[in-house]
Amino acid sequence: MHTSYLQYMVEIERTRSITQAAANLFLSQPNLSRILHEIEEQLGYAIFERSNRGVRPTEEGTAFLQHAKRILSEMEAIESLGSGRRQPDRFRVCMPRSAGILEMTVDYLNALPEDQPLDAVLRECHVRQALDYMAQGEIDLAIIRYRAEYQDYFRDQAHGRQFRFEALNGYRYRVIMHRDNPVAQKGRISVADLEGLPEITHGDTFRTRTGADGERRKRIYSVDRHAQLTLTTRIPGAFMWSTSVLPEDLAAWNLVQRDVEDNRVEYRNALVSVTPELLNDIECRFLEFVRKRCHSQPASATPPYQK
């Protein structure tokens, strides 16, 4: 099986269309269909299932494509050894859904030279997805967020996959709410002040939640950042836990951000990356940019086999 065939299968998955993938690959549709059929015959299972809406991976095909992406990434790394870097315009990074980290990334991209070629992919996802994307070779580095008590666990997860792990800054979430929210008028806010108020929170899936006996909770889950802000603004009494938000963004939505004095939950950010030899200059400079912005000490970075 030629590695080019693996690229063909990945492109079919990306486009969800054999016809579109063939056009992107400068192949005829019958030729690509023939290659797909031959590969499936060789493997003994179907990679994709067909429907009038296009194609999508089967269960076996999903596993096949994960391996294919990893192989292609390793091939790219081998081919880059001569120059010591991957293609110079490549920038692939995962990050949590965070206004602050997004703003930091925007600042970095704006600081790049105007004539700098750039092929960037920014993915907002939780920490386990970020590590999976890196293991599959789709992403070269990630900023991950986790509760402080889980730092050893995620460090071990990164090292176990031969990635570098570098702890950054720690912080506690604050609440944002409409400026007319009665709680916002208080001089000091405690967790008890938020009891029974609608909480707008991030949610990737629909879920049900039952609180402890006597616990009064109202939670509205949403993935979209704009929807979260709209709900916080429009639902009477609503609030949302968040990292620090720019004052101009708060003003645009008629929101305020306040500390909660007895909130003891600490979160931390960390950098996870492949070895520096496999990163290009754009990615290496981004790591330095993040370190400086987060006021961290790069001495905490260790090779994956050290503890």
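Because the structure is predicted, anything quoted here is derived from the model rather than measured. (Residues numbered from 1 in each chain as written. Predicted model: local features only at pLDDT ≥ 70, side-chain atom pairs only at ≥ 80, totals over all residues. Heavy atoms only, no water.)

## Observations concerning helix H5 (residues 99-111)
Here comes step 1: Look at H5: 18 Å from first C-alpha to last across 13 residues, which is about the 18 Å you get at 1.5 Å a residue.
Here comes step 2: For H5, every residue scored as buried is listed here: Ile 101, Met 104, Thr 105 and Tyr 108. An end-on view of H5 places all buried positions within 95 degrees of arc, on one side of the element.
Here comes step 3: Elements in contact with the buried residues of H5: strand E3 (90-95), strand E4 (119-124), strand E5 (141-147), strand E12 (266-273) and helix H10 (281-294).
Here comes step 4: The N-terminus of H5 is capped by Ser 98, whose side-chain oxygen sits 3.3 Å from the backbone nitrogen of Gly 100. (Helix = DSSP H or I, 4+ residues; strand = E, 2+ residues; numbered from the N terminus. Expected span 1.5 Å × (residues − 1). Buried < 20%, exposed > 50% of the residue type's maximum accessible area, 1.4 Å probe, protein only. Arc of directions from axis to C-beta. Contact = heavy atoms within 4.5 Å. Polar contact = N/O pair within 3.5 Å; in protein donor to acceptor, adjacent residues only side chain to side chain.)

## Structural notes on the pattern of salt bridges
Here comes step 1: Applying the stated rule across the entire model yields 19 salt bridges.
Here comes step 2: The closest approach of N and O atoms between Arg 293 and Asp 107, which form a salt bridge, is 3.2 Å. Within this pair, whereas Arg 293 is found in helix H10, its partner Asp 107 is found in helix H5, the two being separated by 186 residues in sequence.
Here comes step 3: Note that Asp 259 and Arg 174 form a salt bridge whose closest N and O atoms lie 2.8 Å from each other. In this pair, Asp 259 sits in the loop between strand E11 (255-258) and E12 while Arg 174 sits in strand E7 (residues 174-178), placing the two residues 85 residues apart along the sequence.
Here comes step 4: A network of salt bridges, in which partner residues are shared, links Glu 166, Glu 288 and Arg 291. (Salt bridge = Lys/Arg side-chain N within 4 Å of Asp/Glu carboxyl O.)

## Observations regarding unusual backbone geometry
Here comes step 1: A positive phi angle, near 60 degrees, is found at Arg 16, a position not held by glycine.
Here comes step 2: Within the secondary structure layout, Arg 16 lies in the loop between helix H1 (3-15) and helix H2 (18-24).
Here comes step 3: A positive phi angle, close to 65 degrees, is found at Gln 162, a residue other than glycine.
Here comes step 4: Considering the arrangement of structural elements, one finds Gln 162 in the loop between helix H7 (151-160) and strand E6 (164-172).

## Here's the deal with the packing of helix H6 (residues 127-135) against H7
Here comes step 1: Running from N to C, H6 and H7 point in directions that differ by 10 degrees, and their axes come no closer than 11 Å. Comparing their axes, H7 and H6 come out roughly parallel. Each of Val 127, Arg 128 and Leu 131 in H6 lies in contact with H7, whose residues at this interface are Tyr 153, Phe 154 and Gln 157.
Here comes step 2: Of the residues belonging to the contact of H6 with H7, the class tally is four nonpolar, one polar and one charged. (Axes fitted to C-alpha atoms, helices over the stretch in contact; angles between N-to-C directions. Parallel < 35°, antiparallel > 145°, perpendicular 65-115°, else oblique. Nonpolar A, V, L, I, M, F, W, Y, C, P; charged D, E, K, R; others polar.)

## With respect to the packing of aromatic side chains
Here comes step 1: In this structure the tally under the stated criterion is eleven aromatic pairs.
Here comes step 2: With 5.8 Å between their ring centres and 40 degrees between their planes, Tyr 146 and Phe 154 make a pair best called tilted.
Here comes step 3: In this structure Phe 154 comes out as buried when scored by relative accessible area, which is 5%.
Here comes step 4: Three or more aromatic residues link up through ring pairs in this structure, and these residues are Phe 91, Tyr 108, Phe 286 and Phe 289.
Here comes step 5: Positioned above the aromatic ring of Tyr 133 is the side chain of Arg 123, whose terminal nitrogen or guanidinium carbon lies 4.3 Å from the ring centre. (Phe/Tyr/Trp six-rings, centres within 6.5 Å; stacked < 30°, edge-to-face > 60°. Lys NZ or Arg CZ within 6 Å of the ring centre and 35° of its normal.)

## Considerations on the nonpolar core
Here comes step 1: By size, the foremost hydrophobic cluster in this structure holds 37 residues, and its most contacted members are Ile 144, Phe 165, Val 272, Phe 286 and Val 290.
Here comes step 2: Listing elements by their share of this core, those giving two or more residues are E3, H5, H6, E5, H7, E6, E12 and H10.
Here comes step 3: In terms of residues, this core owes the most to one element, H10, which gives six residues.
Here comes step 4: Excluding residues that lie within four positions of it along the chain, Ile 144 makes contacts with Val 127, Ala 130, Phe 154, Phe 165, Arg 268, Asn 269, Ala 270 and Val 272.
Here comes step 5: Judged by nonpolar contacts, the second largest core, of 19 residues, contains Ala 22, Ile 39, Ala 68 and Leu 72. (Core = buried A, V, L, I, M, F, W, Y, C linked by side-chain atoms within 4.5 Å.)

## Some thoughts on the sheet that holds E4
Here comes step 1: What the five strands build is an open sheet, ordered E4-E3-E5-E12-E6; its pairing is mixed. In the strand order of this sheet, the two ends are held by E4 and E6, each with one partner. The average undirected angle you get between the axes of adjacent strands in this sheet is 15 degrees.
Here comes step 2: As judged from the seven bridges shared by E5 and E12, these two strands associate in the antiparallel manner. What sits directly across from Ile 143, in E12, is Leu 271.
Here comes step 3: Relative to the sheet, H5 contacts E3, E4, E5 and E12, its axis offset from that of E3 by approximately 165 degrees. (Pairing = 2+ DSSP bridges.)

## Overview of a nonpolar patch on the surface
Here comes step 1: The grouping of Ile 71, Met 75 and Ile 78 at the surface amounts to a nonpolar patch, some 260 Å² of accessible area in total.
Here comes step 2: Structurally, Met 75 can be placed in helix H4 (residues 59-79).
Here comes step 3: The partly exposed category is assigned to Met 75, whose relative accessible area is 32%. (Patch = residues over 30% accessible without salt bridge, like charges linked within 9 Å, V, L, I, M, F, W, Y side chains within 5 Å. Areas by Shrake-Rupley, 256 points an atom, 1.4 Å probe, with all protein chains shown as cover.)

## Section: the confidence of the model for the protein chain
Here comes step 1: On average, residues of the protein chain score 85 in pLDDT, and 88% of them reach the 70 mark or higher.
Here comes step 2: Note on residues 205-214: pLDDT is under 50 here. Beyond four places in sequence and across chains, it has six contacts.
Here comes step 3: Confidence over residues 296-307 falls short of pLDDT 50; this stretch has 25 contacts with residues more than four positions distant or in other chains. (pLDDT = per-residue confidence, 0-100.)

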